[in-house]
Amino acid sequence: MPDYDFSQVDAAIIDSQLNTARVFRDVLIRLGFRRVELFDSVKAAAGLLGSVMPDLVLVDADGEDSEAFQFIRALRNEPTAPNPFACVIVTTWAPTPALLTRVTNAGGDDLLMKPVSPKQVRDRIVSLIESRKGFVVTADYIGPDRRKSPREGAQVPVLDAPNTLRLKATGQWTQSGARMLLNEAVATVTTQKRLRASIQVAFLVEFALAGLARPAPDRMSIDHVGRIGGFLDDLLRRLGDDGDHAPVEAVARAIKTLADKVRAAAEAGPVAADDRDQLQALSRALMQAVDPDRALEAMTREVSSAVAGYRGRLEQIAQAKAAAAAALTASTAAAADEDANEPVALSAPPPAAAGTALSAG
């Protein structure tokens, strides 16, 4: 195992259990970490999101529900975060598959079960230095690649995110060099978030159109329209000073206004065909405004392919639920039949009353 130098590495530990936090701090200090800050809550550590982010963060997941995951998502997604690519290890006393899923979906790098040995901590840190996963950017996620297999539609590129832990531990760190890498990576993330948000809006519109055309629009279509505003808000807050974004902003705000109108109409009854057509046209115009160098036809094909794949998965889920319900019904009916066919024990005749003579004969 290489002899890494942690003398320039900074870390933060967020854990409400002070004794546990001190154990982690002692381990990191023995490894040679330059500075290790302790925070007894996510709220106390909130300042990290707007200051110099440490290279490694250990955050406890056993405190207030979801606070740790909100912190990780804010770190990964906040445009003003100084280092959204910091290494994050989530710690817990009670690891479960559900918890691992939450860590993965929030953008954490790893899950570490307490209690820990110094070797376990070092091994996880070495893994982040030597084999950390590349980052992916989608409409609602930034973090280590969580995919196990390719998916439908366009392939999401993998970003070799700056790893300041690795740079410092391997002696490749310079302030100016790291800042250049971080700025380039943040710019790439910003561009990808705009692209993915515009495609996601088009996807939500395309999926909802069929349901909105019904005399009584279905709940799922209405809910999909309701999600459009959140992605538009994220896109709008990422329109910086790197170009003229007036066309993108104008189209995005027009979609948001129309989506609110369409959703309100759908809650009360049918949606006008003109509004549906305009919503689709605007969603495609947004993709074109965000990515003018790419053919609109290619983008609409990508959206249609994603919608078809999504509908297919929904159908599979519905069929699986129907099959499970049918199997349960059949099992219940069979059990009822068995009960009905079970031989009934006949009770013995009551004994003769005392003193009664039975005649023979």
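Keep in mind it's a predicted model, so treat the numbers as computed, not measured.

1. Some remarks on the overall build of the protein chain
Helix and strand content of the protein chain: 11 helices and eight strands. Its C-alpha atoms give the protein chain a radius of gyration of 30 Å, clearly above 21 Å, the size a compact globule of 361 residues would have. C-alpha atoms of the protein chain, sized along the principal axes, occupy 120 × 65 × 35 Å. Burial status across the protein chain gives 42% buried among its 361 residues.

2. Here's the deal with the pairing of strand β4 (residues 87–92)
The buried fraction of β4 is high, at six of six residues. The two faces of β4 match: Cys87, Ile89 and Thr91 on one face and Val88, Val90 and Thr92 on the other face are all buried. Alignment of strand β3 (residues 56–60) against β4, held across five bridges, turns out to be parallel. Paired with Asp60 across the bridge in β4 is Thr91. For the crossover that starts at β3, traverses helix α2 (residues 67–77) and ends in the parallel β4, the hand is right-handed. Of the pairings in the sheet, the one linking β4 to strand β5 (residues 110–113) comprises four bridges and is parallel in character. Opposite Thr91, over in β5, you have Leu112 as the bridge partner. With helix α3 (residues 97–106) bridging β4 and its parallel neighbour β5, the resulting β-α-β unit is right-handed.

3. Thoughts on the sheet that holds β5
Here we have five strands laid out as an open sheet, ordered β2-β1-β3-β4-β5, and parallel in their pairing. Each edge of the sheet is formed by a strand with only one pairing partner; in this case those strands are β2 (35–39) and β5. Strand-to-strand twist of the sheet, defined as the mean angle between neighbouring strand axes without regard to direction, takes the value 20°. On the sheet, α3 packs against β4 and β5 and is oriented at approximately 140° with respect to β5.

4. So, the environment of Glu130
Assignment of secondary structure puts Glu130 in helix α4 (residues 118–130). Sequence spacing of Glu130 and Arg166 is 36 residues, and the spatial spacing of their C-alpha atoms is 7.7 Å. Other than its neighbours up to four places away in sequence, Glu130 contacts Pro2 and Tyr4.

5. As for the pattern of salt bridges
Going through the model one piece at a time under the given rule, you end up with 24 salt bridges. Glu302 is the partner of Arg196 in a salt bridge, and the nearest nitrogen-oxygen pair spans 3.4 Å. Here Glu302 lies in helix α11 (residues 296–341) and Arg196 lies in helix α6 (residues 175–212), a separation of 106 residues in the sequence. Overall, Arg196 belongs to the buried group, its relative accessible area being 16%. Assessed through its relative accessible area of 8%, Glu302 is described here as buried. In this structure, the salt-bridge partner of Asp234 is Arg238, at a minimum N-O distance of 3.1 Å. Beyond isolated ion pairs, a larger network of salt bridges with shared partners links Asp10, Arg34, Arg35, Asp55 and Lys168.

About the cut-offs
Residues numbered from 1 in each chain as written. Predicted model: local features only at pLDDT ≥ 70, side-chain atom pairs only at ≥ 80, totals over all residues. Heavy atoms only, no water. Helix = DSSP H or I, 4+ residues; strand = E, 2+ residues; numbered from the N terminus. Rg over C-alpha atoms; globule rule 2.2 N^0.38 Å. Buried < 20%, exposed > 50% of the residue type's maximum accessible area, 1.4 Å probe, protein only. Pairing = 2+ DSSP bridges. Right-handed = clockwise from strand over helix to strand, strands pointing away. Axes fitted to C-alpha atoms, helices over the stretch in contact; angles between N-to-C directions. Contact = heavy atoms within 4.5 Å. Salt bridge = Lys/Arg side-chain N within 4 Å of Asp/Glu carboxyl O.

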